[in-house]
Amino acid sequence: TLATGSTTISAQKSGFETGQTIITTYFTDQPALNLEVTANPRTADPGKSFDLTAHVTLDDGTPVLGATIQFAASNGTFQQTIDEGNGYYRAVFMPPSISTTTNFLIVANASKYPSYMNASQSLQVTVNSISFSVSAMPNRINDAQTANITSYVTYANQTPVEGAAVNCTISP
């Protein structure tokens, strides 16, 4: 039975003494884990990583120690999750190389077997694209004239990409 309380069980047979026992049933629900996941930053430039923090608690706010946290995404890699103590767990997400601004859905799962119900939470992080542009001044030249060619490598927010390498080949 899944209800709490006492149950009396009797056994009888003609010619034998009746036997009887009382069984007390205890049933408690497994407490559910609460999971809160954050990413710092939520948006990053290509080649940058995201610090992920998971905080696992019970309904009354008590931190859950020794939980297992697993992170997953459709693409990219995660460093091993580190137990920071007091219910906090940390991992680093390194997205793959991309050519356009891309959103990544990260799913976190928390478990502590066998005493607690698992928890899951997802969050989205964004990796900005890199853009490349070229300008020439003047933009038309004749034989023996020169022009200044300038190239720009920037993130989506127009911030220059430090150390970007640009190779230029000019053909007649």
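Residues numbered from 1 in each chain as written. Predicted model: local features only at pLDDT ≥ 70, side-chain atom pairs only at ≥ 80, totals over all residues. Heavy atoms only, no water.

A. Focus on unusual backbone geometry. With an omega dihedral of -5°, the bond running from Asn40 to Pro41 counts as a cis peptide bond. One can find Pro41 in the loop between strand 3 (34–40) and strand 4 (43–44). Each neighbour pair has its own omega, and for Met137 with Pro138 the value is -10°, a cis peptide bond. Looking at where Pro138 falls in the secondary structure, it is placed in the loop between strand 12 (130–137) and strand 13 (148–155). Here Asn86, not a glycine, exhibits a phi torsion of approximately 55°, which is positive. Of note, Asn86 is situated in the loop between strand 8 (82–85) and strand 9 (88–94). Within the chain, Ala144 stands out as a residue other than glycine whose phi angle is a positive 75°. Residue classification places Ala144 among the exposed positions, given a relative accessible area of 86%. (Helix = DSSP H or I, 4+ residues; strand = E, 2+ residues; numbered from the N terminus. Buried < 20%, exposed > 50% of the residue type's maximum accessible area, 1.4 Å probe, protein only.)

B. Region of interest: the side chain of Asn128. Among the secondary structure elements, Asn128 is positioned in the loop between strand 11 (119–127) and strand 12. Its relative accessible area of 13% is what places Asn128 among the buried residues. At 3.1 Å, the side chain of Asn128 forms a polar contact with the side chain of Asp45. When near neighbours in sequence (up to four residues on either side) are disregarded, Asn128 contacts Thr43, Ala44, Asp45, Pro46, Ile98, Thr101 and Ala156. (Polar contact = N/O pair within 3.5 Å; in protein donor to acceptor, adjacent residues only side chain to side chain. Contact = heavy atoms within 4.5 Å.)

That is the geometry; function is a separate question.
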